[in-house]
Amino acid sequence: MELADLVSGGEILRITRWGQDVLHQPTTPVTVFDEALHIFLRNMFATMEAAQGVGLAATQVGDDRSIFIYHCPDADDELHTGVMINPTVMVPEGDLRQLTSDEEGCLSLPGAFATLARPSTALCRGLNHMGEPVEVSGTGMLARCLQHETDHLGGIVFGDRLSARSRKQLYADHEQTAYRYSEDWPISDKAEFDPSSGQD
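Reading guide: rules and limits
- For every chain, the first residue of its written sequence is number 1, and the numbers climb from 1 along that sequence.
- Reporting in this predicted model follows two pLDDT cut-offs: at least 70 for local features of residues, and 80 or more for side-chain atom pairs to be given and counted; totals over whole chains, interfaces and linings ignore these cut-offs and use all residues.
- As a convention, hydrogens and water are excluded, and side-chain values are obtained from all of the structure's heavy atoms.
- By the criteria applied, helices consist of DSSP H or I runs no shorter than four residues and strands consist of E runs no shorter than two, each listed in order from the N terminus.
- For the radius of gyration, the atoms used are the C-alpha atoms, and the globule rule reads 2.2 Å times the number of residues raised to 0.38.
- For each residue, the accessible area found with a 1.4 Å probe, counting protein chains only, is set against the maximum for its type, and the residue is called buried under 20%, exposed over 50%, and partly exposed in between.
- Contacts: residue pairs with any heavy atoms within 4.5 Å of one another.
- All accessible-area figures derive from a Shrake-Rupley calculation using a 1.4 Å probe, and residue coverage is judged against the displayed protein chains alone.
- Under this rule, positive means Lys or Arg and negative means Asp or Glu; His and the chain ends count for nothing.
- Throughout, a charge is located at the NZ atom of Lys, the CZ atom of Arg, the CG atom of Asp or the CD atom of Glu.
- Paired strands, as defined in this entry, are two strands with at least two bridges between them according to DSSP.
- Every angle, taken between N-to-C directions, lies between 0 and 180 degrees, and every axis is a line fitted to C-alpha atoms, over only the stretch in contact when it is a helix.
- Two rings belonging to Phe, Tyr or Trp (six-membered ring only in the last case) form a pair when the distance between their centres is within 6.5 Å. Interplanar angles under 30 degrees mark stacking, angles over 60 mark edge-to-face geometry, and anything in between is tilted.
- Here, a charge over a ring is recorded when the distance from Lys NZ or Arg CZ to the ring centre is within 6 Å and its angle to the ring normal is within 35 degrees.

1. Examining the overall build of the protein chain
No. 1: Counting its regular elements, the protein chain contains 3 helices and 7 strands.
No. 2: Listing the helices and strands of the protein chain from first to last along the sequence gives α-β-β-β-β-β-β-β-α-α.
No. 3: For 200 residues, the compact-globule formula gives about 16 Å, and the C-alpha radius of gyration of the protein chain, at 17 Å, lands near that figure.
No. 4: C-alpha atoms of the protein chain, sized along the principal axes, occupy 55 × 45 × 30 Å.
No. 5: The proportion of buried residues among the 200 residues of the protein chain is 42%.
No. 6: For the protein chain, the share of sequence-separated contacts (at least 6 apart) that also reach a separation of at least 24 residues comes to 66%.
No. 7: Of the roughly 10,400 Å² that the protein chain leaves accessible, carbon and sulfur atoms contribute 48%.
No. 8: Distance from the positive charge centre (14 side chains) to the negative charge centre (31 side chains) of the protein chain: 8 Å.

Below is the structure:
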């Protein structure tokens, strides 16, 4: 089966929110690469597209397997699409390590962003949807995405990497826009106005 067969035709799933156990615990390695897995991956791609994301971990749709997908540009604006299963991520150390500070958000805490410094390049190794070894080298947003999604599979959300002050502001920003995201988002579209305001 080709990757192109997985990026369409799926069912949109509800995105899990920060605070739910599955997002804060290490994941379980995948050992079976069958049609059920491929159906799940199609659903992940459909969900990521509906939520307008660039990456999505299985934990973000309530599944504890070590899987993430991505559709994300690199530093040269070249789009990369893929499946990463049982991944490990490596970043430069010592003199080779360069940090880039940029805004980061998470579909599991929608509507809120915070500046976070991460290594500007990353190398991710894992398995693809057929259980074959794959390796992705990322720059720019793709490097950030590979680190962010691999964090998810270790039970880490990016707020865990913020200072207490930045994390408090992140939650405050989320609360201001929370009305736009129903409990079943992105199955339901974002609201365009605050229903409690009585205005449209």
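Having seen it, we continue.
2. Considerations on unusual backbone geometry
No. 1: The omega torsion of the bond from Trp 185 to Pro 186 falls at 5 degrees, within 30 degrees of zero and hence cis.
No. 2: We note that Gln 52 has phi near 60 degrees; this positive angle belongs to a residue other than glycine.

3. Here's the deal with the sheet that holds strand 2 (residues 67–73)
No. 1: The strand order 1-2-3-6-7 describes an open sheet built from 5 strands, whose pairing is antiparallel. Two strands close off the open sheet at either side, each with one partner strand: strand 1 (55–57) and strand 7 (133–139). Strand-to-strand twist of the sheet, defined as the mean angle between neighbouring strand axes without regard to direction, takes the value 35 degrees.
No. 2: With 4 bridges connecting them, strand 3 (residues 79–90) and strand 6 (residues 121–127) associate as antiparallel partners. Bridge assignment links Met 90 to a residue of strand 6, and that residue is Leu 123.
No. 3: In this fold helix 1 (residues 35–50) packs onto strand 1, strand 2 and strand 3, with an angle of close to 40 degrees to the strand it touches most, strand 2.
No. 4: Across the sheet, helix 2 (residues 140–153) touches strand 1, strand 2, strand 3, strand 6 and strand 7, and the angle it forms with strand 2 is around 165 degrees.

4. Quick look at the pairing of strand 2
Note on strand geometry: in a regular strand, side chains alternate between the two faces of the sheet.
No. 1: For strand 2, the buried fraction is high: 6 of the 7 residues fall into the buried class.
No. 2: Where strand 1 meets strand 2, 3 bridges bridge the pair, whose relative direction is antiparallel. Looking at strand 2, one finds that Ala 57 is bridged to Phe 68.
No. 3: Note: strand 2 against strand 3, 7 bridges, orientation antiparallel. Across the sheet, residue Ile 69 finds its bridge partner in strand 3, namely Val 83.

5. Observations regarding the packing of aromatic side chains
No. 1: Under the defined criterion, the tally for this structure stands at 4 aromatic pairs.
No. 2: Between Trp 18 and Tyr 171, the ring centres sit 6.0 Å apart and the planes meet at 80 degrees, which makes this aromatic pair edge-to-face. Taken as a pair, Trp 18 in the segment before helix 1 and Tyr 171 in helix 3 (residues 164–177) lie far apart in primary sequence, 153 residues in all.
No. 3: Here Trp 18 falls in the buried class, since its relative accessible area comes to 11%.
No. 4: Using a relative accessible area of 39% as the deciding quantity, one classes Tyr 171 as partly exposed.
No. 5: Seen in terms of ring centroids, Phe 68 and Tyr 70 are 6.2 Å apart; in terms of plane orientation they differ by 50 degrees. Their pairing is tilted.
No. 6: Given the relative accessible area of 0%, Phe 68 is considered buried.
No. 7: In textbook terms, an aromatic cluster arises when at least three aromatic residues are bridged by ring pairs, as seen for Trp 18, Phe 158 and Tyr 171.
No. 8: Geometry around Phe 40 places Arg 65 over its ring, the cationic atom sitting 4.7 Å from the centre.

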